[in-house]
Amino acid sequence: KPLVFSGVQPTGNLHLGNYLGAIRKFVALQANNDCIYCVVDMHALTAQLVHEDMPNQTRSITAAFLAAGIDPEKHIVFNQSAVPGHAELAWIFNCVARIGWMNRMTQFKDKAGKDREQASLGLYAYPSLMAADILLYRATHVPVGDDQKQHLELTRDIAMKFNLDYMEHIRRTGYGIDITVGDEPVHAYFPMVEPLIDGPAPRVMSLRDGTKKMSKSDASDLSRINLLDDEENISKKIRKAKTDPDGLPSELAGLAGRPEADNLVGIYAALADKSKADVLSEFGGQQFSVFKPALVDLAVHVLSPITMEMRRLMADPGHIDAVLRDGSARARARADVTMKQVRDIIGFLY
Ligand code: ATP
Ligand code: MG
């Protein structure tokens, strides 16, 4: 079975972008894959060191996973800091990755802001820890939003360099696997991960600015629909969402150069499990005053069962902690196998 890994940071309120870009895919992938889903609490230190309520933030992401339909018994749900292998492998990857590679990462540039000298070293090394998260389980498939595409390319570069630099050691220890890269057969330790970034809304944009992605860390709550928003809030945010004065086009080409319209159509399509073309054939020629209420109804219909279940789960933190404890123990057992082999490959005595 293919191995799927992905993570979400406990950095604030989960939003529609997290749901459509990540969590909804996590749920769908359970049927045919072995899945590991992680609350990446160590990543949450990279931009901000001190968090008001890390335990409850961690529980809230876990509750969202469960409420959306992830089965923590058939698959693994855990928090990153509970498995030391993530930090250990990240250090090794810090030594594999090149500074020139890291300097190209757009997320660092966006998050570091103007005063880059004051950004943490952790924020800079974020993609190296992310590569470790995935490769610690030798995962092959990673469902993420489009904003993480560059980090997954870096993960492949790190895996490839490790495989090539340690080629002889990998052969000698016998831990290798035969993979193909392009058409070339390669004897490797780490697989080449495939990003799973598809669907009509791979990057959900802010409701206030169609050129910025919807983010947990955006200061404006009106920019996003939170998974915990009630019907009234969802309705208010969609009604206030920025649009242009034109109505909806009948053809996809009519969305070009209209980022806000494109975003709302993409959201509708993703929520309805349709293509954007289907949505336009239904709403083409209509005004936003007609489309927005339909979008509100659809969003409430899809999100409210998840919201209710999240609230129910959050009322019993003991249960969530038990899920994480069990998942962490199972993740640790797998991670320990990789770390033992990596130590052998590198030549660390232990
Ligand atoms: P932060 O602003 O703290 O980085 P975030 O909203 O980007 O928060 P993350 O925890 O960094 O959330 O990302 C979790 C997952 O959600 C990742 O797979 C990411 O690609 C996906 N994701 C985040 N924002 C969006 C978005 N606007 N559209 C689609 N997917 C998204
Ligand atoms: Mg992010």
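Residues numbered from 1 in each chain as written. Chains lettered and ligands numbered in written order. Predicted model: local features only at pLDDT ≥ 70, side-chain atom pairs only at ≥ 80, totals over all residues.

Novice: Sorry if this is basic, but what is going on with the nonpolar core here?
Specialist: A general trend in soluble globular proteins is that nonpolar side chains are found buried together. Among the nonpolar cores identified, the biggest contains 97 residues, and I36, A64, F65, L89 and I267 are the most heavily contacted of them. Leaving out residues up to four positions away in the same chain, I36 has contacts with V4, F5, H75, I76, Y137, A139 and A331. (Core = buried A, V, L, I, M, F, W, Y, C linked by C-beta atoms within 7 Å. Buried ≥ 20, exposed ≤ 12 C-beta atoms within 10 Å, placed from the backbone. Contact = placed C-beta atoms within 7 Å.)

Novice: When you look at the domain arrangement of the chain in this model, what are you seeing that I'm missing?
Specialist: Interface size is commonly expressed as the accessible surface area that is lost when the partners come together. As assigned here, the chain comprises domain 1 (3-196 + 317-346) and domain 2 (221-313). Distance between the C-alpha centres of domain 1 and domain 2: 30 Å. Taken together, the contacts link 12 residues of domain 1 with 11 residues of domain 2. Of all the elements in the fold, those that place two or more residues in the side of domain 1 that touches domain 2 are α1 (16-29) and α2 (54-68). At 5 residues, α2 tops the list of elements feeding residues into the side of domain 1 that touches domain 2. (Domains from an automatic or database assignment. Helix = DSSP H or I, 4+ residues; strand = E, 2+ residues; numbered from the N terminus.)

Novice: How should the site of ligand 1 be read in this particular structure?
Specialist: The environment of ligand 1 is formed by 19 residues, the closest being Q9, G17, G21, G145 and S217. Tallying contributions element by element places α1 first for the shell around ligand 1, with 5 residues. Considering only residue class, the shell around ligand 1 consists of 6 nonpolar, 9 polar and 4 charged. (Near = placed C-beta within 6 Å. Nonpolar A, V, L, I, M, F, W, Y, C, P; charged D, E, K, R; others polar.)

Novice: Is there a simple way to think about the UniProt feature "short sequence motif: 'HIGH' region" (unreviewed entry) in the chain in this case?
Specialist: The residues that UniProt annotates with the feature "short sequence motif: 'HIGH' region" (unreviewed entry) are residues 10-18. Annotated as 33% helix and 0% strand, the span residues 10-18 places its first and last C-alpha atoms 12 Å apart. (UniProt positions renumbered as here; feature names shortened; annotations may be inferred.)

Novice: It is not clear to me how the pairing of strand β2 (residues 34-39) should be interpreted in this structure. Could you clarify?
Specialist: The side chains of a regular strand alternate between both faces of the sheet. By the criterion of burial, β2 is predominantly enclosed, with 5 of the 6 residues buried. In this sheet, β2 lies alongside strand β1 (residues 3-8) in parallel orientation, the contact comprising 6 bridges. Pairing of S6 across the sheet is with Y37, part of β2. Note on the crossover from β1 through α1 to β2: the handedness is right-handed. Judged from the 4 bridges that link them, β2 and strand β3 (residues 76-79) form a sheet pairing that is parallel. In the strand pairing of β3, C38 is matched with F78. Each parallel crossover has a hand, and the one from β2 via α2 to β3 is right-handed. (Pairing = 2+ DSSP bridges. Right-handed = clockwise from strand over helix to strand, strands pointing away.)

Novice: Honestly, the confidence of the model for the chain in this entry has me stumped. Any pointers?
Specialist: Low-confidence regions, as indicated by low pLDDT, have predicted coordinates that should not be scrutinised in detail. Chain-level statistics for the chain give a pLDDT mean of 97 and a share of 100% at 70 or above. Interface confidence for the predicted complex, expressed as ipTM, amounts to 0.99; the pTM equals 0.97. (pLDDT = per-residue confidence, 0-100.)

Novice: Would you mind going over helix α9 (residues 231-240) with me for this structure?
Specialist: For α9, the set of buried residues is I234, K237 and I238. Projection of α9 onto a plane perpendicular to its axis shows the buried side chains occupying an angular sector of 95°, all on one side. Exposed and oriented more than 90 degrees from the buried face of α9 are E232 and K240. The inward-facing, buried residues of α9 abut α12 (288-314). (Arc of directions from axis to C-beta.)

Novice: I tried to follow the packing of α1 against α2 on my own but got confused; where do I start?
Specialist: Helix-helix packing is described using two parameters, namely the angle between the two axes and the distance between the axes. Relative orientation of the contacting elements α1 and α2 amounts to 50°, with a least axis distance of 9 Å. Judged on the interaxial angle alone, α2 and α1 are oblique. Along this stretch, α1 crosses α2, giving a crossing that reads as right-handed. Together, I23, R24, F26 and V27 of α1 and A64, F65 and A68 of α2 make up the contact between the two elements. Looking at side-chain class alone, the contact of α1 with α2 contains 6 nonpolar, no polar and 1 charged residues. (Axes fitted to C-alpha atoms, helices over the stretch in contact; angles between N-to-C directions. Parallel < 35°, antiparallel > 145°, perpendicular 65-115°, else oblique. Left-handed = near helix turned anticlockwise from the far one by under 90°.)

Novice: Looking at this structure, how should I read the packing of α9 against α12?
Specialist: Two numbers describe how α9 lies on α12: the axes approach to 9 Å, and their chain directions differ by 145°. For the crossing formed where α9 meets α12, the hand is right-handed. In contact with E231, I234, S235, I238 and R239 of α9, α12 contributes K292, L295, V296, A299, V300 and S304.

Novice: How should the environment of T307 be read in this particular structure?
Specialist: Looking at the secondary structure, you find T307 in helix α12. Distance in space between the C-alpha atoms of T307 and L228 is 5.3 Å, their sequence separation being 79 residues.

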